[in-house]
Amino acid sequence: MIGRSKFFETPMGVLLNLYEQEKIQFPITAKQHSLSSELIVSLTSHRPRFKWLHLTIESLLEQTARPDKLILWIANHEIGDLPKSLTTLAHKIEIRATEDLKSFKKIIPSLIAFPNAHIAICDDDIYYPRLWLQHLIEGSQANPTAIAAGAVHRFHTITSHQLAPYCDWSFDVQDGLARMPSRDTLPIGVGGVLYPPNSLHEDTTNIEILQELCPRGDDLWLYVMSKMRDYLPVKVGRKLQPIFWPGTQSHGLFLENMFQHDDIAIQKLSK
């Protein structure tokens, strides 16, 4: 069991304890993934979240399916600020420096470095249960032209040509339609998303266009780029029950009026 005992008495800690006890009671030997090409688990972080990042990394290292690489992308100017709790994991993961692309650091550098790989992205502030990656893999294999996602939102329309504001969408939907390739759902990075090779349009890594249209909305940008390749989202796994590390949400994009920024990005992307 990894070192999280200080959280076990909190409501989220109770759920975390259940996950950890499940590993002890029903152990599963980790196996190499069964995808047709290299599998990269890719994430990023920034200085305010470094304190707890090793806990997320440890949960990713405890998955029942083993990726070929687990890569943590850090902005050039912050790479020297990584705490010992992370640098001591360097023999198990790859820590790479990159241009500061904000949340897009989780995928853009990996797309450039590994153009023929399956790339699973995830967030840096959450615990991932041990079947998280396996569920993404199974969802991708069952639907070869789908984007397997641990969590999806359903967007709604005002008219046939106008989307409703982001705050009026249905969040983390679980119904049967969401578990089939869907044109009205948006994969959310916090639940993890698996992108097969060539499932994203070539403009995905065009930083100039990205920053003009969608500088803060990586989920929206990746949705549009996959739709342009005719890949549709599929919800996989259990309902998302996020366990966030203490204090990490105080630096979230929602503090910068996320809904407003997303609505602006949606308008630009639609045009």
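Given the structure is predicted, the values throughout are model-derived calculations rather than measurements.

## Overview of the packing of aromatic side chains
Summed over the entire model, instances satisfying the criterion amount to five aromatic pairs. Ring geometry for Tyr166 and Trp169: centres 4.8 Å apart, planes at 45°, overall tilted. Centroid distance Tyr166 to Phe171: 5.8 Å. Interplanar angle 40°. Geometry classified as tilted. On the accessibility criterion, Tyr166 (7% relative accessible area) is buried.

## A few points about the side chain of Thr204
Within the secondary structure, Thr204 is located in the loop between β12 (193–195) and α6 (207–213). The exposure class of Thr204 is buried, given its relative accessible area of 2%. Among the polar contacts listed, one links the side chain of Thr204 to the backbone oxygen of His201, at a separation of 2.6 Å. Ignoring any residue separated from it by four or fewer positions in sequence, one finds Thr204 in contact with Ile108, Leu111, Leu210, Trp221, Leu222 and Met225.

## What to know about the side chain of Asp219
Topologically, Asp219 is positioned in helix α7 (residues 218–227). Buried charge without a salt bridge: Asp219, with Lys106 as the nearest opposite-charge side chain at an N-O distance of 5.3 Å. At a separation of 3.1 Å, a polar atom in the side chain of Asp219 contacts the main-chain amide nitrogen of Gly189. The residues touching Asp219, leaving out its near neighbours within four places in the chain, are Leu186, Pro187, Ile188 and Gly189.

## Describing the sheet that holds strand β7 (residues 146–149)
Remark on secondary structure: sheet strands pair via backbone hydrogen bonds, oriented parallel or antiparallel. Taken together, seven strands build an open sheet; the order of strands is β5-β4-β2-β6-β12-β7-β13 and the sheet is mixed. The open sheet terminates on both sides in strands that have one partner only, identified here as β5 (94–98) and β13 (232–235). Pairs of neighbouring strands in the sheet enclose a mean axial angle of 30°, with direction left out of account. Looking at chain direction, β7 and β12 are connected through two bridges and run antiparallel. Its bridge partner being in β12, Ala149 is matched across the sheet by Val193.

## Comments concerning the pattern of salt bridges
Per the counting criterion, the structure on display carries 17 salt bridges. Asp218 is the salt-bridge partner of Lys106, the closest N and O atoms lying 3.4 Å from each other. Residue Lys106 is found in the loop between β5 and α4 (108–113), and its partner Asp218 is found in helix α7; the two are separated by 112 residues along the sequence. Both residues of the pair, Lys106 and Asp218, belong to the buried class. Between Asp184 and Arg154 there is a salt bridge, and its shortest N-O distance comes to 3.2 Å. Taken as a pair, Asp184 in the loop between β10 (162–163) and β11 (185–187) and Arg154 in strand β8 (residues 152–154) lie far apart in primary sequence, 30 residues in all. On the accessibility criterion, Arg154 (11% relative accessible area) is buried. Linked by salt bridges that have partners in common, Glu20, Lys23 and Glu62 make up one network.

## A closer look at helix α2 (residues 50–61)
Between its first and last C-alpha atoms α2 spans 17 Å; for twelve residues at 1.5 Å apiece the expected length is 16 Å, and the two agree. In terms of residue burial, α2 counts as a mostly covered element, since ten of its twelve residues are buried. In this structure, the buried residues of α2 make contact with β2 (39–44), β4 (69–75), α3 (84–87) and α5 (132–142).

Thresholds, definitions, all that
- Residues numbered from 1 in each chain as written.
- Predicted model: local features only at pLDDT ≥ 70, side-chain atom pairs only at ≥ 80, totals over all residues.
- Heavy atoms only, no water.
- Phe/Tyr/Trp six-rings, centres within 6.5 Å; stacked < 30°, edge-to-face > 60°.
- Buried < 20%, exposed > 50% of the residue type's maximum accessible area, 1.4 Å probe, protein only.
- Helix = DSSP H or I, 4+ residues; strand = E, 2+ residues; numbered from the N terminus.
- Polar contact = N/O pair within 3.5 Å; in protein donor to acceptor, adjacent residues only side chain to side chain.
- Contact = heavy atoms within 4.5 Å.
- Lys, Arg positive; Asp, Glu negative; His and termini not counted.
- Salt bridge = Lys/Arg side-chain N within 4 Å of Asp/Glu carboxyl O.
- Pairing = 2+ DSSP bridges.
- Axes fitted to C-alpha atoms, helices over the stretch in contact; angles between N-to-C directions.
- Expected span 1.5 Å × (residues − 1).

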